[in-house]
Amino acid sequence: MGNLKTFGAKIILLIVGLAVGFLFLEFLTTAAVRLKIIPAYRTMSPNGVYHDILGYALPPHSFEDTDANGFRNPGVPESADIVTLGDSQTYGFNALSADSWPSKLEKLTGRSVYNMGMGGYGPVQYYYLADKALSMRPKLVILGFYAANDMSDACRMFALDYWKNFAKEKGLDVEDCLKSLDVLLPPNSIVPKRNLLERLRDSARDSSFLMLLKQVPAVSNFISHRRDLKWAEESPNEFFVVNNGVINTIFSIGEPGAKIGFDSPNIKRGAELAKYFLGETAKKIKAAGAELLIVFIPDKPDVLEDYLVSKGYAIPENYKRNIAFHEEVQKMFTDFFKQLNVPTVDVRSSMVEKIGDKKNPIFNNYLDSHPFAIGYEAMAESIAEEVERLFNGPKSGL
């Protein structure tokens, strides 16, 4: 009995010691931020703040590379040769600002590029932001279209009053969007109840010290990889794990027989809404005397499929269904933009060429589908060729 009490006391002392140590590190981190030894952005969550039209946005200068407009640029120029619109693939998630494809494009072409890409944005936001983009008097607007989620992103905006009223005014059918669970809700519309342990967990997770620790790529990758690998082990039919020394990553493929793509009513409706908003965006840009270029950005499974087949992997059925869906979407929108006389470029083949260097992998080792810098470099190389053709070709109006 005495040994049990001693053991229990040691456990309590250990827990108290860890808690005191954590609080001390949190105190030091907070003090370092206030004394400006550590930049504040390194201890902040990258989540934006609520915006009643865009859904959310980054506050001005919230990070080292965030400009006065809340976008990822060193500053806000009066004008730019090229303005880019897109989601996190255009923002350049998983890479430094200098390694995003818009930054790489600027270096490759020698033309000024202003990046308005933002994680979670889709065709509705692109339409709204087109006016701000055109205020910089660009000769070319480049829009990064990501088939993996741009249609669901188009559908999720209509719980917001601004877009709900817009849909009503324009006669747009958004009922399937509103029935979906994947809608962007105003803050505090649903306040989940949390017990004490959950509140403590969330406070610790958002602490300045842990945010700083997560800035270390090796730490962030280790945490994410272990978390996703655990999910894959618990639900092996819903995940596809690859680790052959060159490609080390995890795919989420969904439950067997799950609805994929146009099987879901909100995705089907989202495709029609995406066409509407992208078409209206194209009209705005052409009316302003600028040109529009669409970049088809592939998902991680699209890029790695041929490589995995060549290495003898048995490709899961849902993986194949997702790829077939993305191919169907790309063909649909290629034909759509062709009717609008808008050029398109597919960067997949350039990204495929970058596979094979295990010291410089194209994707990370967990579920995330954003490439590393080498993937964004491949995108920029493909886009640069088309940009030069548009600027210097025999029929160029730029």
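See the structure printed just above.
Residues numbered from 1 in each chain as written. Predicted model: local features only at pLDDT ≥ 70, side-chain atom pairs only at ≥ 80, totals over all residues. Heavy atoms only, no water.

The next point concerns the pairing of strand 8 (residues 291–297). Along strand 8, six of the seven residues are buried, which leaves the element largely enclosed by surrounding structure. Pairing analysis gives seven bridges linking strand 5 (residues 140–146) to strand 8, with the strands arranged parallel. Residue pairing for strand 8: Tyr 146 is matched across the bridge by Ile 297. Relative to strand 9 (residues 344–346), strand 8 runs parallel, the two being bridged by three bridges. Its bridge partner lying in strand 9, Ile 294 is registered against Thr 344. (Buried < 20%, exposed > 50% of the residue type's maximum accessible area, 1.4 Å probe, protein only. Helix = DSSP H or I, 4+ residues; strand = E, 2+ residues; numbered from the N terminus. Pairing = 2+ DSSP bridges.)

Let us now look at a nonpolar patch on the surface. Taken together, Phe 7, Ile 11, Leu 14, Ile 15 and Leu 18 make up a surface patch of nonpolar side chains, about 520 Å² in accessible area. Secondary-structure assignment places Ile 11 in helix 1 (residues 2–34). Judged by its relative accessible area of 35%, Ile 11 is partly exposed. (Patch = residues over 30% accessible without salt bridge, like charges linked within 9 Å, V, L, I, M, F, W, Y side chains within 5 Å. Areas by Shrake-Rupley, 256 points an atom, 1.4 Å probe, with all protein chains shown as cover. Salt bridge = Lys/Arg side-chain N within 4 Å of Asp/Glu carboxyl O.)

A few words on the pairing of strand 5. With seven of seven residues buried, strand 5 lies mostly within the body of the structure. Residue alternation in strand 5 divides its side chains into two sets, Leu 140, Ile 142, Gly 144 and Tyr 146 and Val 141, Leu 143 and Phe 145, and both sets are buried.

Moving on: the sheet that holds strand 4 (residues 113–117). Overall, parallel pairing links the five strands, which are arranged 4-3-5-8-9 in an open sheet. For this open sheet the edge positions go to strand 4 and strand 9, each flanked by a neighbour on one side alone. The sheet shows a mean angle of 20 degrees between the axes of neighbouring strands, direction not considered. Seen against the sheet, helix 4 (residues 123–134) touches strand 3 (82–86), strand 4 and strand 5 and runs at an angle of roughly 165 degrees to strand 3. (Axes fitted to C-alpha atoms, helices over the stretch in contact; angles between N-to-C directions. Contact = heavy atoms within 4.5 Å.)

Under the criterion given, the structure shown has one disulfide. Sulfur-sulfur distance for the disulfide between Cys 155 and Cys 177 comes to 1.9 Å. Here Cys 155 and Cys 177 share a disulfide; its torsion about the S-S bond, -100 degrees, makes the bridge left-handed. Separated by 22 residues along the polypeptide, Cys 155 in helix 5 (residues 150–155) and Cys 177 in helix 7 (residues 175–179) bring together distant segments of the chain. Residue class for Cys 177 comes out buried when judged on its relative accessible area of 0%. (Disulfide = S-S within 2.5 Å.)

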